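Survey of secondary and tertiary structure
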Amino acid sequence: DVKVTQSSRYLVKRTGEKVFLECVQDMDHENMFWYRQDPGLGLRLIYFSYDVKMKEKGDIPEGYSVSREKKERFSLILESASTNQTSMYLCASSLVGQVLGGYTFGSGTRLTVV
Amino acid sequence: DQQVKQNSPSLSVQEGRISILNCDYTNSMFDYFLWYKKYPAEGPTFLISISSIKDKNEDGRFTVFLNKSAKHLSLHIVPSQPGDSAVYFCAASEIQGAQKLVFGQGTRLTINP
């Protein structure tokens, strides 16, 4: 069964901490994405990557960075966590040119910044 | 600027009846449209999709309708079952570029026995 695995289901971090959210996929997908889900706002794209070491900003990249050193792994970094980054973070992957087949999402990481 | 909008935050339907979830979009460059279903504490799962060259796509109990002139799509679930209770997101993408998905705000569907 194909999978997108996010390393943590729940995280609690303090304001100002550097936070790493890890995502690994086993489907050899080229594209990987980080979204955050907030009530009333749906899913908003933070960053995406279409190849190793390639990254592009999504709609809300401020306060975040990403790293993709290997095809299967895409990391989201909160350089200095703030309370407004408390959210559900969702990682997804997809094949190039397979939009109609949809993304495969991980189970999400619920991050609370206190 | 919300390019994909789901104006109904919630919908309640009786088991066995039809559920109709609606979605509007503003970007005329969108070519692909998808619906996702999400249970609490899980990631969204892909449900059904449609390309802009079609106006209807059916998969079992699920049918998606696309009205390009109105920039509107809908998801019909018939008959509705208790397991359909979830949050439903519509999403859209352009054919060019990275084909990233733009999501709506979601509609919470509750199926009552």
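Figured I'd write up the structure that's included with this text. (Residues numbered from 1 in each chain as written. Chains lettered and ligands numbered in written order. Predicted model: local features only at pLDDT ≥ 70, side-chain atom pairs only at ≥ 80, totals over all residues. Heavy atoms only, no water.)

1. Observations concerning the overall build of chain A
Scanning chain A for helices and strands turns up zero helices and eleven strands. Relative to the compact-globule value of 13 Å for 114 residues, chain A shows a C-alpha radius of gyration of 13 Å, a close match. Principal-axis analysis of the C-alpha atoms gives chain A an extent of 40 × 30 × 25 Å. Buried residues in chain A amount to 48% of all 114 residues. Contacts in chain A between residues at least 24 apart in sequence constitute 56% of all its contacts with a sequence separation of at least 6. Counting only carbon and sulfur atoms, one obtains 49% of the accessible surface of chain A, whose full area is about 5,500 Å². Within chain A, the 14 negative side-chain charges are centred at a point lying 6 Å from the centre of the 15 positive side-chain charges. (Helix = DSSP H or I, 4+ residues; strand = E, 2+ residues; numbered from the N terminus. Rg over C-alpha atoms; globule rule 2.2 N^0.38 Å. Buried < 20%, exposed > 50% of the residue type's maximum accessible area, 1.4 Å probe, protein only. Contact = heavy atoms within 4.5 Å. Areas by Shrake-Rupley, 256 points an atom, 1.4 Å probe, with all protein chains shown as cover. Lys, Arg positive; Asp, Glu negative; His and termini not counted. Charge placed at Lys NZ, Arg CZ, Asp CG, Glu CD.)

2. Focus on the interface of chain B and chain A
Contact with chain B, which involves 22 residues of that partner, is made by 22 residues of chain A. Surface buried jointly by chain B and chain A totals about 1,800 Å² across both partners, of which 64% is contributed by carbon and sulfur atoms. Inspection of the region where chain B meets chain A yields zero salt bridges. Counting every contact that joins chain B to chain A gives five residue pairs in polar contact (both at pLDDT 80 or more). For the side of chain B that touches chain A, the secondary-structure elements that each account for two or more residues are β4 (30–38), β5 (45–51) and β9 (86–94) of chain B. (Buried area = accessible area lost by both parts, 1.4 Å probe. Salt bridge = Lys/Arg side-chain N within 4 Å of Asp/Glu carboxyl O. Polar contact = N/O pair within 3.5 Å; in protein donor to acceptor, adjacent residues only side chain to side chain.)

3. Quick look at the pattern of salt bridges
Note on pairing: side chains with opposite charge can pair once their charged atoms come close. Residue and element names in this part refer to chain A. Under the definition given, this model contains nine salt bridges over all chains. A salt bridge links Glu-79 to Lys-18, with the shortest nitrogen-to-oxygen separation between them at 3.7 Å. Placement of the pair is Glu-79 in the loop between β8 (73–78) and β9 (87–94) and Lys-18 in the loop between β2 (10–13) and β3 (19–25), with a sequence separation of 61 residues. Relative accessible area serves as the criterion here: at 43%, Glu-79 is assigned to the partly exposed category. Among the ionic pairs, Lys-53 bridges to Glu-69, the shortest N-O distance being 2.4 Å. Placement of the pair is Lys-53 in the loop between β5 (42–49) and β6 (56–57) and Glu-69 in strand β7 (residues 64–70), with a sequence separation of 16 residues. For Glu-69, a relative accessible area of 51% gives the class exposed. Through salt bridges with shared partners, one network takes in Arg-36, Asp-38 and Arg-44.

4. Looking at the environment of A:Thr5
If you trace the backbone, A:Thr5 turns up in strand β1 (residues 4–6). Taking the C-alpha atoms as reference points, A:Thr5 and A:Gln85, 80 residues apart in sequence, are found 21 Å from one another.

5. Describing the sheet that holds β3(A)
All names here are of chain A. Here four strands make up an open sheet; going across it, the order is β1-β3-β8-β7 and the pairing antiparallel. Looking at strand neighbours, the two that pair on one side only are β1 and β7, the edges of this open sheet. On average, adjacent strands in this sheet sit at an angle of 20° to one another, irrespective of strand direction. Bridge analysis of β3 against β8 gives six bridges, and the strand direction is antiparallel. What sits directly across from Val-24, in β8, is Arg-73. (Pairing = 2+ DSSP bridges. Axes fitted to C-alpha atoms, helices over the stretch in contact; angles between N-to-C directions.)

6. Some points on the environment of A:Tyr64
All names here are of chain A. Within the element layout of this structure, Tyr-64 appears in strand β7. Relative accessible area serves as the criterion here: at 7%, Tyr-64 is assigned to the buried category. Remark: the alpha-carbon pair of Tyr-64 and Gln-85, spanning 21 residues in sequence, is separated by 9.5 Å. Discounting chain neighbours no more than four positions away, the residues touching Tyr-64 are Arg-36, Ile-46, Tyr-47, Leu-76, Ile-77, Leu-78, Gln-85 and Tyr-89. Of note is the side chain of Tyr-64, whose polar atom sits 2.9 Å from the side chain of Arg-36. For Tyr-64, the side chain forms a polar contact with the side chain of Tyr-89, separated by 2.7 Å.

7. Comments concerning the packing of aromatic side chains
Evaluation of the coordinates by the stated rule reveals 16 aromatic pairs over all chains. Taking 6.1 Å as the distance between ring centres and 70° as the angle between the ring planes, the aromatic pair formed by A:Phe105 and B:Phe103 counts as edge-to-face. Pair noted here: A:Phe105 is in strand β10 (residues 104–105) and B:Phe103 is in strand β10 (residues 102–103), and the two residues belong to different chains. A:Phe105 gets classed as buried once you look at its relative accessible area, which sits at 9%. Under the relative-accessibility criterion, B:Phe103 is labelled buried at 2%. (Phe/Tyr/Trp six-rings, centres within 6.5 Å; stacked < 30°, edge-to-face > 60°.)

Such coordinate-based values are descriptive only and should not be taken to indicate function.
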